[in-house]
Amino acid sequence: MANGVTSSLLSVFILCTILTVAVSHAARLRKLGEAEETRRNLLNNGLGHTPQMGWNSYNHFPCKLSDELIRQTADAMVSSGLAALGYEYINLDDCWAELHRDSKHVISGCPNLSGMQGNLVPKASIFPSGMKALVDYVHSKGLKIGIYADAGTMTCAKTMPGSLGYEEQDANTFASWGIDYLKYDNCHNNGVSPQERYSKMGKALLNTGRPIFYSLCEWGQEDPATWAPDIGNSWRTTGDIKDTWDSMTSRADQNDQWASYAGPGGWNDPDMLEVGNGGMSTEEYRSHFSIWTLAKAPLILGCDIRSMDKDTLELITNKEVISVNQDKLGIQGKKVKKTGDLEVWAGPLSGNRIAVILWNRGSSKATITADWSDIGLKSSAVVDARDLWAHSTTHSVKNKLEASVESHACKMYILTPQ
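These lines cover the structure that appears in this document, whether it is placed above or below. (Residues numbered from 1 in each chain as written. Predicted model: local features only at pLDDT ≥ 70, side-chain atom pairs only at ≥ 80, totals over all residues. Heavy atoms only, no water.)

Overview of helix H3 (residues 131-140)
Reasoning step 1: Among the residues making up H3, those that are buried are Met-131, Leu-134, Val-135 and Val-138. Projected down its long axis, H3 shows its buried positions confined to an angular sector of 100°, all on one face.
Reasoning step 2: Where H3 is buried, its residues contact helix H2 (67-79), strand E2 (89-91), strand E5 (144-150) and helix H4 (167-177).
Reasoning step 3: Just past H3, the residue Gly-142 takes up positive phi, approximately 80°. (Buried < 20%, exposed > 50% of the residue type's maximum accessible area, 1.4 Å probe, protein only. Helix = DSSP H or I, 4+ residues; strand = E, 2+ residues; numbered from the N terminus. Arc of directions from axis to C-beta. Contact = heavy atoms within 4.5 Å.)

A closer look at empty space enclosed by the protein
Reasoning step 1: What the rule picks out here adds up to 2 cavities of 30 Å³ or more.
Reasoning step 2: Put simply, the largest cavity is a space of about 110 Å³.
Reasoning step 3: The wall of the largest cavity is formed by 13 residues, among which Tyr-181, Lys-183, Ser-215, Asp-269 and Met-272 lie closest to the centre.
Reasoning step 4: The class makeup of the residues in the lining of the largest cavity is 5 nonpolar, 4 polar and 4 charged.
Reasoning step 5: Estimated volume of the second largest cavity: approximately 40 Å³.
Reasoning step 6: Lining the second largest cavity we find Ala-252, Asn-255, Asp-256, Pro-270, Ile-291, Trp-292, Ala-295, Gln-332, Gly-333 and Trp-345.
Reasoning step 7: Of all the secondary structure elements, the ones that give two or more residues to the lining of the second largest cavity are helix H6 (245-256) and helix H7 (282-294).
Reasoning step 8: The element contributing the most residues to the lining of the second largest cavity is H6, with 3 residues.
Reasoning step 9: For the lining of the second largest cavity, the per-class residue count stands at 6 nonpolar, 3 polar and 1 charged. (1 Å grid on protein atoms, 1.4 Å probe; cavity = no way out; pocket = protein on both sides within 12 Å on 5 of 7 lines; lining within 4 Å. Points joined across faces, edges and corners; volume = space filled by probe spheres on them. Nonpolar A, V, L, I, M, F, W, Y, C, P; charged D, E, K, R; others polar.)

Here's the deal with the pattern of salt bridges
As a working rule, side chains carrying opposite charge can pair if their charged atoms are close by.
Reasoning step 1: A complete count under the given rule lists 23 salt bridges for this structure.
Reasoning step 2: The partner of Asp-371 in a salt bridge is Lys-337, with the nearest N and O atoms 3.8 Å apart. Taken together, the residues span a long stretch of sequence, with Asp-371 in strand E14 (residues 366-371) and Lys-337 in strand E11 (residues 334-339) at a distance of 34 residues.
Reasoning step 3: By relative accessible area, which is 29% here, Asp-371 ends up partly exposed.
Reasoning step 4: For Lys-337, a relative accessible area of 22% gives the class partly exposed.
Reasoning step 5: Three or more residues joined by partner-sharing salt bridges are found here, namely Asp-253, Lys-335, Lys-338, Glu-343 and Arg-361. (Salt bridge = Lys/Arg side-chain N within 4 Å of Asp/Glu carboxyl O.)

Focus: the sheet that holds strand E6 (residues 181-185)
Reasoning step 1: The sheet built from 8 strands is open, its strands ordered E9-E8-E7-E6-E5-E2-E1-E10 with parallel pairing. The strands lining the two open edges of the sheet, one partner per strand, are strand E9 (267-269) and strand E10 (299-301). Within the sheet, the average angular offset between the axes of one strand and its neighbour, ignoring direction, is 25°.
Reasoning step 2: Bridge analysis of strand E1 (residues 53-56) against E10 gives 3 bridges, and the strand direction is parallel. In the strand pairing of E10, Met-53 is matched with Leu-299. (Pairing = 2+ DSSP bridges. Axes fitted to C-alpha atoms, helices over the stretch in contact; angles between N-to-C directions.)

Geometry only, nothing functional implied.
As structure tokens, then:
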């Protein structure tokens, strides 16, 4: 009898083990299926097939937003010719909302209980006509508009509520206003894993039915390149950029290690452009813009485009350089050679072409050489080398690309095999 009981218990144990493994496997498959479905929906939303282009308020106007600023910036985006080149998003950053969410009324007979609506409220002092009217104005210019929120309890500036626990409600609010883009920050997050917090908002945005570009601003803390492609259209790989040479170059290097994770639908983001804000020289800004374009980084302007100087306008409107960023092949270029402070960055383009940057990060003028083996060309290749900043072409180049480059400057080319 004892042997019979033991045998029965063993059978039950084996059956439970099999069922547990099966359930666990099914859960993993379901999770993978949900991730794949989310990824498929992201690609089908028509967004992020090439890196996003536009403007954001934070670098030049931190917490100094106004209805007038956004309208004038939209006007300038069109009148300057930037919109025609693909710069389409006008993005509000932190500090646009009131400190508290709205409330509806005190429930009758229960003076200590309020019926909370809990919606984010635009600051009446700076957006007197409301957010929907501003959105409509930007749309009337043929542009799109973005907004800022935070995957925590408060935003980074502590001037408005975060969206943690309000993901569905806030996503629906943004969609009801006609918002086209969400930058989602990472402050005051209560220690909840970023995958969990960012995934909730990603699903909430998809559930609105409105195509909203999803830009994850997680600062690269938990290697988002390894998980964010299943959640959003771009993800920060670095901390915030500053308008200095050291900050810009370090962001370029940090972003470079994740090159293989970028592609149509989702992009590595080393943060916004500082071009035109005054902290770097023209040549340093040229290097900044060139590396960002080759790295398929978002081209989000951070200067005051209403009053930019001639050099700034010339840099950010170079059609040939922008074409590298927006190339349909969508492969991120990367650093392929480093000799002290002299670097070669390169990446493939559609039509069997190759984009190449010779970058001098040193303190004096130097000659930089890119051998064909450095950039993936056969030793027998003969190419036409188009200088994208000089707008000139050298024909029948063999074996290597070589140029003298000033300190903190670069030269950028497209090589087309003959």
